[in-house]
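Observations on the three-dimensional arrangement
Take a look at the letters that make up each chain.
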Amino acid sequence: MPQKEKEKEKPRHQVYTDISELPGVGPATAEKLREIGFSTIEALATATVAELEAAGISERKAEELIRLARESIEISWVTAKDLIRLRSGIRRLTTGSKALDALIGGGIETQAITEFFGEFGSGKSQMCHQLAVNVQLPVERGGLDGAALYIDTENTFRTERIEQMAKYLGLEPDKVLERIIYAEAYNSDHQILLLERADKVIKENNVKLIVVDSLTAHFRSEYIGREMLAERQQKLNKHMHRLLRLARAFNAAAVVTNQVMARPDEFFAPMAVAPVGGHVVGHTSHTRLFIRKTAGKNFRIVRLVSSPYLPEGEVLIKITENGIEDVEEEEREEYGRKR
């Protein structure tokens, strides 16, 4: 084989599979990186120099490590046409409702953050439980054939509910529970830490769904008053971007729930409530869905409030013992008569 052809066959960059393989990274440096939440090449590739400096790594060395990690997973400039090919790797996770899936373009999108917000008891946590089960379904059934990472900040996760949903879908409850990696966050700093240390768990368990239920509960209760608003928003911003980087690095779906606050000045507006977190949460969430109760006992209206490319709209779903379901035509007609 000619020498030129041999040169063409050589990879453009060295591919690394573990941070300890990077040049200049000894056991001590590798341990420092793991301590601050960078256990994988994927996580390191999306790090900032400032984050690595926190581990006592010099600016010059931090820049070099990030460069090598990024070259290893081929982060580069692409044309918009190339982006179509790259986005073909994005997958969709079913919500359990065909109508809701259609509203959001085919299901919950990987490599992006989907936010569900609504009042207490509207069904946000029910949706998270359902997605944690659905993600384990095979691709042909709307799943991602992966595990779920579940961060619970309000102690609303219930294994009994998972078992009900799993049985309805014909899955073995014990096996489904084994593939949900759960942690309860006791305060906002603990919540941030859990996500910072999540990359290794995600990789080892083939996690394809990351849930934070609820995103803002701790921040809202701990950072009170206008004088603490800037610090709260900065931490929320960093926390959400960490979540987004994990979702992109591992082609996982990221789902957060959010509390709401009253808007008494806009009583007759389409939404008399607003999601907590302000512009920081609004700008970082790619798809925002507002869930609200209706006159029907189990019915919920889900409204698509914001999307990068989909029009606003709303659908009617129901939450039953089986989980998230579509509303039957007769039920829809009866609901329409009662309104």
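One numbering rule holds for all chains: residues counted from 1, following each sequence as written. pLDDT decides what is reported in this predicted model: residues at 70 or higher carry local features, side-chain atom pairs at 80 or more are listed and counted, and totals for whole chains, interfaces and linings draw on all residues regardless. Only hydrogens and water are removed before side-chain values are computed, so all heavy atoms of the structure are retained for them.

1. Topic: the overall build of the chain
Comment: elements are numbered from the N terminus, with helices defined as DSSP H or I runs of at least four residues and strands as E runs of at least two. Helix and strand counts for the chain stand at 16 helices and 13 strands. Within these notes, the globule rule equals 2.2 Å times the number of residues to the 0.38 power, and the radius of gyration is based on C-alpha atoms. Its C-alpha radius of gyration of 22 Å places the chain within 12% of the 20 Å reference for a compact globule of 339 residues. Dimensions of the chain along its principal axes, counting C-alpha atoms only, are 75 × 55 × 40 Å. Under the scheme applied here, a residue whose accessible area is under 20% of the maximum for its type counts as buried, over 50% as exposed, and between as partly exposed, the area being computed with a 1.4 Å probe on protein chains only. Among the 339 residues that make up the chain, the fraction classed as buried is 48%. What makes two residues a contact is simply this: any of their non-hydrogen atoms within 4.5 Å. Residue pairs at least 24 apart in sequence account for 64% of intrachain contacts in the chain once pairs closer than 6 positions are excluded. Working definition of accessibility: Shrake-Rupley area with a 1.4 Å probe, residue cover restricted to the visible protein chains. Looking at the chain as shown, the accessible area adds up to about 17,800 Å², and 51% of this sits on carbon and sulfur atoms. Across the chain, 48 positive and 51 negative side-chain charges occur, with their mean positions spaced 3 Å apart. Lys and Arg are tallied as positive, Asp and Glu as negative. Neither His nor the chain termini are counted. Charge placement uses NZ in Lys and CZ in Arg. For Asp and Glu, CG and CD serve respectively.

2. Considerations on the confidence of the model for the chain
Summing up the model confidence of the chain, the mean pLDDT is 88 and the portion of residues at 70 or higher is 91%. The model gives residues 4–11 a pLDDT under 50, and that stretch makes two contacts with residues more than four places away or in other chains. For every residue, the predictor reports its confidence as pLDDT, a number between 0 and 100.

3. Notes on the sheet that holds strand S11 (residues 299–306)
One bridge is not enough; two strands pair if DSSP finds at least two bridges between them. The strand order across the open sheet formed by nine strands is S5-S4-S6-S7-S3-S10-S11-S12-S13, and the pairing between neighbours is mixed. Taken across any chain shown, the strands that pair with only one partner, and hence form the sheet edges, are strand S5 (180–184) and strand S13 (323–326). When the angles between neighbouring strand axes are averaged without regard to direction, this sheet yields 25 degrees. As paired elements, strand S4 (residues 147–152) and S5 share five bridges and run parallel to each other. Across the sheet, aspartate 152 pairs through a bridge with glutamate 184, a residue of S5. Together, strand S3 (113–118), strand S6 (207–213) and strand S7 (253–258) form the strand contacts of helix H14 (residues 229–249), whose direction differs from that of S6 by roughly 165 degrees. Comment: axis = line fitted to C-alpha atoms, over the contacting stretch for helices; angle = value between 0 and 180 degrees taken between N-to-C directions.

4. Quick look at H14
With 21 residues, H14 extends 30 Å from end C-alpha to end C-alpha; this agrees with the ideal 30 Å at 1.5 Å per step. The set of residues buried in H14 consists of Arg232, Gln233, Leu236, His239, Met240, Arg242, Leu243, Leu244, Arg245, Leu246 and Ala247. Count one or two residues on from H14 and you reach asparagine 251, which has phi positive near 50 degrees. Expected span of a helix: the number of residues minus one, times 1.5 Å.

5. Notes on the nonpolar core
Remark: nonpolar core denotes a set of buried residues (Ala, Val, Leu, Ile, Met, Phe, Trp, Tyr, Cys) joined through side-chain atoms within 4.5 Å. Membership of the largest hydrophobic core comes to 35 residues, with the highest contact counts inside it found for Ile108, Phe116, Leu131, Ile180 and Leu209. Residue contacts for isoleucine 108: discarding those within four places in its chain leaves Arg91, Arg92, Leu93, Thr95, Thr114, Phe116, Leu131, Ala253 and Val255.

6. So, the environment of lysine 203
Turning to its location among the elements, lysine 203 is positioned in helix H12 (residues 199–204). In sequence terms lysine 203 and glutamate 42 are 161 residues apart; their C-alpha atoms lie 9.5 Å from each other. Beyond its immediate stretch of four places on either side in the chain, lysine 203 contacts Thr17, Thr40, Glu42 and Phe250.

7. A short note on unusual backbone geometry
Cis peptide bonds are those with omega within 30 degrees of zero, and the linkage from aspartate 213 to serine 214 qualifies with 5 degrees. Looking at the secondary structure, you find serine 214 in the loop between S6 and helix H13 (217–222). For aspartate 145, which is not glycine, the phi torsion reads 50 degrees and is therefore positive. Here aspartate 145 is to be found in the loop between helix H8 (124–134) and S4. In this structure aspartate 145 comes out as partly exposed when scored by relative accessible area, which is 42%. Phi at asparagine 251 takes a positive value of approximately 50 degrees, unusual for a residue other than glycine.

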